[in-house]
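Observations on the three-dimensional arrangement
Residue-level listing of the chains:
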Amino acid sequence: AVMMCFVVSLISLLVHVYSTAYLKDDVRYTHYYAMLSLFTAAMLTLVVADNTLQILLGWEGVGLCSFALIGHWWEEGANSRAALKAFLTTRTGDIGLLIGIIILFFTVGSFDIGASNAYALSPGADHAALLAAAVCLFIGVIGKSGQFPLHTWLPDAMAGPTPVSALIHAATMVVAGVYLVARLYPVFFNGFSIAAGGVNLMVLIGGITIIIGALLAFVQDDIKKVLAYSTISQLGYMVMALGVGAWTAGVFHLFTHAFFKALLFLGAGSISHAGTHHSFDMKKDMGGLKRYMPITFWTFTIASLALAGIFPFAGFFSKDEILAGAWHVHPPGWPVWYGKLLWGGLLIAALGTAFYMWRLYFLVFSGDERSEEAKHAHESPRSMTIPLVVLAALATIAGFIGLPHLTGIHLPEVTHGLASWLSRSTVPNWYDPPHGNPAIAGHTTDTTTFVLMGIALSIGVIGIALAYRLYGKGPAPIVDKLTSGPLQPAYEASKAKLWFDEIYDATIVRPFKWVARGLFEIVDRFVIDTVAVTGVAFVVGLFGRISRWFQNGQVQRYLAGLVIGAAAVFLVTDCRSKASFTYERLPGDMIALHAAPGAGVAGANARLTWDITGDGVADLDPKTERVLEGRDVTVWRGNIRASNVTLIIEDPVTRKIQTVTRKLELAAPAKEGK
């Protein structure tokens, strides 16, 4: 976290200074700096977080700011589409991140990163839950760090201002994913069973991304898109290093890559600003710029050497650390040949990196000028060149804090400063209880170390030499012969970006648009607009038009309405169910009578009296000498003559009387009268 705080703060400071000249006359200058500052704050929030909820806050913050900055010049449709593509693609990965955080919380019982890592390394850890959490978290990493298959947003994100591209690729946004893996490494290590050997998801995705990034960078004519695919490939290196257990090597490359990649992007911005009038087309508008832009030329040279892995620049040491880790440092469960196979694949990728980077370099600075703007190029102002010089110095010396440990040569302690610093966050043994937690460091001689370094350096030199042969004095004629001949299928596939965008458009974007259009037409327009909103308005309007016929100020109409309404009330109240009553035999020869006069207003308010003697008149209660009245009365069986009881119902409004007579079966068990 401390290392990343230094990287983010320094790169952000240089980008802020650089932008004062690059966006000097921009129409949204204040908005740009507000979002740039918030971008930095969000990344620092993510870096210093000690729990996954705070990481999520910073994670979404950098996503939001990148959306605003990529679409800074939103007036052009391509820029706004690029911003939306970046936002939606990374949000796809963020769904996995959120699910992973939830799984990890319910597994560990805490959002704390330290507690999560400690649980992952405990003997009783739930491996299945950690695997699910690791997979979901890694989906978020794939989206944010531009890994296959969610890498398509990153090249299009070059639509934003070039300083933003430098900040995204070097110190924020895309490095957030790699940082998350490094910060929660025990979760990924145990979840993916890295110690057990085999191809885990991180190695697989990292390896595919390295290859795809290199292939697509070969054929790009836009200088920023070459650098974007380079970032995709280099992030693949870091992910793969973490996937094979080379944690320190992956973090080291994350550290050095920030300096030379920021330098490359800011150098590209300097070229477009002062050399080609805001064009990034290398083949059409550049060439011969080294004569006009000496500071940009030399700093760009240093960055290109560092990315190609040439001694003594920073990229040589960090990339060599990954290659060496694949060669002789492998988890206990891995077969020896597996690391050698990965080493060979990484060498091929390193060759591709050197070639496409120096193809860019020669197209920009060598040969003759290929546009009028290039012939009138000049150096950028000091506010832009000073950050280039600072980054060039760091790209030169940063690698010396991570030199390999040699047994026969004693180097100053500072040359192992990164390893010493990171030792606070690491342990010297693999977490592999079945094999006794063996030591991580591989056993190799100084000779082997130097041979491996020599091979890696040679690969970089070969890549540069091949690029010089084809592009050293401008594109050589043989390039057209190759791209239109034996390499045409590969060239066209790379030029089409392997048709990823077309595949996603056919399988995801268009079906989603169809579903969205259907929901819009049926749910929104018909159900909500037509039925709910317009329908309610129509009904209200209809009642309004009808009520206007009555509410017109004519008193006679009001009286007619009152009479009709009252008649309707009387009609409704008279419509009641058939009146009846029930009885029940109680102990002591007592009979309980319950009246049911019917529904409606009349029934509810009717006067109910009882005739138990059969004379047609309401009888008195022998005890109280009052009329037997009410819904429920209790009488002695002996007072009932001929077993007949009559319920007398008097309507309270019309005074109309209705009677209901029932014969009681007193010898049998009491039941409802019929």
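Up top is the structure.
Note that the structure is predicted; figures quoted are calculated from it, not measured.

**Quick word on the sheet that holds strand β1 (residues 580-586)**
Read across the open sheet, the 3 strands follow the order β1-β2-β4; overall the sheet is antiparallel. Across the chains shown, the open sheet's two edge strands, defined by having one partner strand only, are β1 and β4 (632-636). Across the sheet, the axes of successive neighbouring strands diverge by a mean angle of 25°, strand direction being ignored. By the bridge criterion, 5 bridges tie strand β2 (residues 590-596) to β4 in an arrangement that is antiparallel. Bridge assignment links His594 to a residue of β4, and that residue is Asp632.

**Focus on the packing of helix α2 (residues 29-48) against helix α8 (residues 162-170)**
In the contact formed by α2 and α8, the axes pass within 12 Å of each other and the chain directions differ by 5°. In terms of axis orientation, α2 runs roughly parallel to α8. Counted together, Tyr32, Leu36, Phe39 and Thr40 of α2 and Pro163, Val164, Leu167 and Ile168 of α8 form the full contact between these two elements. Considered class by class, the residues forming the contact of α2 with α8 number 7 nonpolar, 1 polar and no charged.

**A word on the environment of Ser318**
Along the polypeptide, Ser318 turns up in helix α16 (residues 314-328). As for Ser318 and Thr40, which are separated by 278 residues in sequence, their C-alpha atoms are 25 Å apart. Not counting the four nearest positions on each side in its chain, Ser318 is found in contact with Phe252, His253 and Thr256.

**As for the packing of helix α13 (residues 247-274) against helix α15 (residues 294-308)**
Two elements in contact, α13 and α15, have axes separated by 9 Å at closest approach and are oriented at 145°. Helix-helix and strand crossings are classified by hand; for α13 and α15 the assignment is left-handed. Residues Phe260, Leu263, Leu264, Gly267, Ala268, Ser270 and Ile271 of α13 touch α15, and the partners they reach there are Thr296, Thr299, Phe300, Ala303, Ser304, Ala306 and Leu307. Split into classes, the residues belonging to the contact of α13 with α15 amount to 9 nonpolar, 5 polar and no charged.

**Thoughts on the sheet that holds strand β6 (residues 657-663)**
Spatially, the 3 strands line up as an open sheet ordered β3-β5-β6, and their pairing is antiparallel. The open sheet terminates on both sides in strands that have one partner only, identified here as β3 (607-611) and β6. The mean angle between the axes of side-by-side strands here comes to 20°, regardless of whether they run parallel or antiparallel. Alignment of strand β5 (residues 644-650) against β6, held across 7 bridges, turns out to be antiparallel. Across the sheet, the residue bridging to Val645 is Arg662, located in β6.

**Focus: the nonpolar core**
In terms of nonpolar packing, the biggest core is built from 152 residues, with Ile11, Phe138 and Ile223 touching the most fellow members. With 15 residues, α13 is the largest single contributor of residues to this core. Leave out the neighbours within four places in its chain, and Phe138 touches Val181, Phe188, Phe192, Leu201, Met202, Ile205 and Val239. Core analysis: the next-biggest nonpolar cluster, separate from the first, contains 21 residues, Leu323, Tyr338, Ala350 and Leu452 among them.

**Considerations on helix α3 (residues 52-70)**
With 19 residues, α3 should cover 27 Å at 1.5 Å per step; its first-to-last C-alpha distance of 26 Å lies within 8% of that length. With a side-chain oxygen lying 3.1 Å from the backbone nitrogen of Leu53, the N-terminal cap of α3 falls on Asn51.

**What about the packing of aromatic side chains?**
Under the defined criterion, the tally for this structure stands at 29 aromatic pairs. Here the aromatic rings of Tyr18 and Tyr22 are separated by 5.9 Å at their centres, their planes lie at 25°, and the arrangement is stacked. Here Tyr18 pairs with Tyr22, and both are found in helix α1 (residues 2-22), just 4 residues apart, close to one helical turn. Side by side, Tyr18 and Tyr22 carry an identical accessibility label, which is buried. Taken together, the ring pairs in this structure connect Phe297, Trp298, Phe300, Trp358, Tyr361, Phe362, Phe365 and Tyr468 into an aromatic cluster. Taking the ring centre of Tyr237 as reference, the NZ or CZ of Lys319 above it sits at 5.4 Å. Sitting over the face of the ring of Tyr471, Arg359 holds its NZ or CZ atom 5.3 Å from the ring centroid.

**Comments concerning the pattern of salt bridges**
Opposite charge on two side chains lets them pair, provided their charged atoms get close. Taken as a whole, this structure holds 17 salt bridges when the rule is applied. Between Asp221 and Lys495 there is a salt bridge; the shortest N-O distance is 3.2 Å. One end of the pair, Asp221, is in the loop between α11 (201-217) and α12 (223-243); the other, Lys495, is in helix α23 (residues 488-495), and 274 residues separate them in sequence. On the basis of relative accessibility, which here comes to 37%, the residue Lys495 falls in the partly exposed class. A salt bridge links Asp589 to Arg585; its shortest N-O distance comes to 3.7 Å. Here Arg585 falls in the partly exposed class, since its relative accessible area comes to 34%.

What counts, and where the lines are drawn
Residues numbered from 1 in each chain as written. Predicted model: local features only at pLDDT ≥ 70, side-chain atom pairs only at ≥ 80, totals over all residues. Heavy atoms only, no water. Pairing = 2+ DSSP bridges. Helix = DSSP H or I, 4+ residues; strand = E, 2+ residues; numbered from the N terminus. Axes fitted to C-alpha atoms, helices over the stretch in contact; angles between N-to-C directions. Parallel < 35°, antiparallel > 145°, perpendicular 65-115°, else oblique. Contact = heavy atoms within 4.5 Å. Nonpolar A, V, L, I, M, F, W, Y, C, P; charged D, E, K, R; others polar. Left-handed = near helix turned anticlockwise from the far one by under 90°. Core = buried A, V, L, I, M, F, W, Y, C linked by side-chain atoms within 4.5 Å. Buried < 20%, exposed > 50% of the residue type's maximum accessible area, 1.4 Å probe, protein only. Expected span 1.5 Å × (residues − 1). Polar contact = N/O pair within 3.5 Å; in protein donor to acceptor, adjacent residues only side chain to side chain. Phe/Tyr/Trp six-rings, centres within 6.5 Å; stacked < 30°, edge-to-face > 60°. Lys NZ or Arg CZ within 6 Å of the ring centre and 35° of its normal. Salt bridge = Lys/Arg side-chain N within 4 Å of Asp/Glu carboxyl O.

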